[in-house]
Each structure stands twice: as structure tokens, then as C-alpha cells.
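Read off the chains here:
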Amino acid sequence: MRISRIGIANFTNFQALDIQTGNDIVVVGENKVGKSNFIRALQLVLDPGLSERDRHLGLDDFWDGLGDDKIGATIEVFVELTDFTNDERLMAHLCDCVVEPEPEMVARLTYRFQPQAGLDGDPESLADYEYVIFGGDDPDMSVNRSARRMLPLDIQGALRDAEKETLRNSGLPHAPFEGVP
């Protein structure tokens, strides 16, 4: 299985991102360009260990370009998966998520942070928001945590963070890193 496409809308520094991926995804870039936000977007969809609290977003998570019009806007992240047809277990979990059956089967999982369904009137605050994680094109096709556990997800922290943690946990004397006690 592999991620073949990623879409992000109205999340942090991403107004609208839609990219096709290759066999491997490596995220590299200057500081403050959105690498961590990109990874967090993937976690919103795929990471079964992410808490409910972390999936309920705040105003700071909306794209800044929305200005004062954040309440009422929707954040959406989708991930399309391919190359899973030879794994019966994944086929069973992703069969209801298929958006393209041929020539290569494509399943889509979507995270959407939106005004609550059935809300009387316009949302007034984030208390009027909910998130849904669904498969295919149907917001009612809920994808639960156990199904997401079937999807392999490995996120490796930034090298600078690994170096800091290694030194901090080694017990060896070291000069403090800038901004790190």
C-alpha cells in the first residue's frame, strides 16, 4: 500500500494543496514553510493514536488567509491510497472507501472539521464544530480507529529533534541547544 495523493484545504498555511506522490514521501524544506503542518494533516486522517482532543481543531489551525471569516469555514484533508489489492485484510477495510476501481484501485480517506450537521443557523463558535473521518466520497461512511490501525504509518521526527533527545537522554554533559534547556 502507498499514499498516491494528498489534498489539504484551509489548514494552517495551506489554502489548497493537491499533490500526487511517488513511492516514497520525503518532506524537506526551510524552517517555517509548513513541513510539520503537512505531517500533522496526515496524522489527522491516518493516525489511530491521535487523541480526540487533538483532532478537534482551534482557530489557529484555520488558514490565515480566511481572516475573520474562520467560523463557518471547513478544514479538509484527504489521502488516497493505492497498491493494496494484494492484501486481503486491507481490501476488506478499504473496499467501502474506493473512489476509482480501475485501472488501479484507489481508496480515499478524508478528515473534515466542519460546522455540526443539523445545526440551526450558522455556527457561532468552535463549540458548534465537529470532525468526521470518512471513506470514499460519502461523509456518512465513517472510518473508525480500528480500520485506521490497519494502515501502516511511520512518522520520523526531525533530525534536529532526534539529536536533542539523544543527547538529553544520554546523561552525557552537553552544551544546551538554542532555546532548549
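In the block above lies the structure referred to throughout.
A brief look at the structure comes next. If you're wondering where the values come from, they're calculated on a predicted model, not measured in any experiment.

Description of the state of the cysteines
Okay, so step 1: What the rule picks out here adds up to zero disulfides.
Okay, so step 2: Just so you know, C95 is unpaired, no disulfide at all, and the nearest cysteine sulfur is the one on C97, 7.6 Å from it.

A short note on the pattern of salt bridges
Any two side chains of opposite charge can pair, so long as their charged atoms come close to each other.
Okay, so step 1: Applying the stated criterion across every chain yields a total of eight salt bridges.
Okay, so step 2: In this structure, R2 engages D83 in a salt bridge whose closest nitrogen and oxygen atoms are separated by 3.0 Å. Taken together, the positions of R2 in strand 1 (residues 2–11) and D83 in the loop between strand 3 (75–82) and helix 3 (88–94) put the pair 81 residues apart, joining distant regions of the chain.
Okay, so step 3: Using a relative accessible area of 35% as the deciding quantity, one classes D83 as partly exposed.
Okay, so step 4: For R5, the salt bridge is made with D18, and the minimal N-O distance between the two is 2.6 Å. Of this pair, R5 sits in strand 1 while D18 sits in strand 2 (residues 14–20), and the two are 13 residues apart along the sequence.
Okay, so step 5: Looking at D18, the relative accessible area reads 44%, which means it is partly exposed.
Okay, so step 6: What you see here is one network of salt bridges that share partners, running through R5, D18, E80, R108 and D137.

A short note on helix 1 (residues 35–46)
Okay, so step 1: Taking 1.5 Å per residue, twelve residues should reach 16 Å; helix 1 reaches 17 Å between its end C-alpha atoms and fits that length.
Okay, so step 2: Residues of helix 1 that are buried include every one of F38, A41, L42, L44, V45 and L46, and no others.

Observations regarding the nonpolar core
Okay, so step 1: Among the nonpolar cores identified, the biggest contains 34 residues, and I8, F62, L81, L94, L109 and F113 are the most heavily contacted of them.
Okay, so step 2: Ignoring any residue separated from it by four or fewer positions in sequence, one finds F113 in contact with R55, H56, L57, F62, A73, T74, I75, L126, Y129, E130 and Y131.

A look at the pairing of strand 1
Okay, so step 1: With nine of its ten residues buried, strand 1 lies for the most part within the structure.
Okay, so step 2: Here strand 1 pairs with strand 3 via seven bridges, running antiparallel. Bridged to I6 within strand 3 is V79.
Okay, so step 3: One ladder, built from six bridges, connects strand 1 with strand 2; its direction is antiparallel. Bridge assignment links I8 to a residue of strand 2, and that residue is L17.
Okay, so step 4: Linking strand 1 back to strand 2 in an antiparallel pair, the connection comprises two residues, with T12 at a positive phi of about 45°.

Here is what the cut-offs are and how they apply
Residues numbered from 1 in each chain as written. Predicted model: local features only at pLDDT ≥ 70, side-chain atom pairs only at ≥ 80, totals over all residues. Heavy atoms only, no water. Disulfide = S-S within 2.5 Å. Salt bridge = Lys/Arg side-chain N within 4 Å of Asp/Glu carboxyl O. Helix = DSSP H or I, 4+ residues; strand = E, 2+ residues; numbered from the N terminus. Buried < 20%, exposed > 50% of the residue type's maximum accessible area, 1.4 Å probe, protein only. Expected span 1.5 Å × (residues − 1). Core = buried A, V, L, I, M, F, W, Y, C linked by side-chain atoms within 4.5 Å. Contact = heavy atoms within 4.5 Å. Pairing = 2+ DSSP bridges.

Any functional reading would require information beyond the geometric quantities listed.
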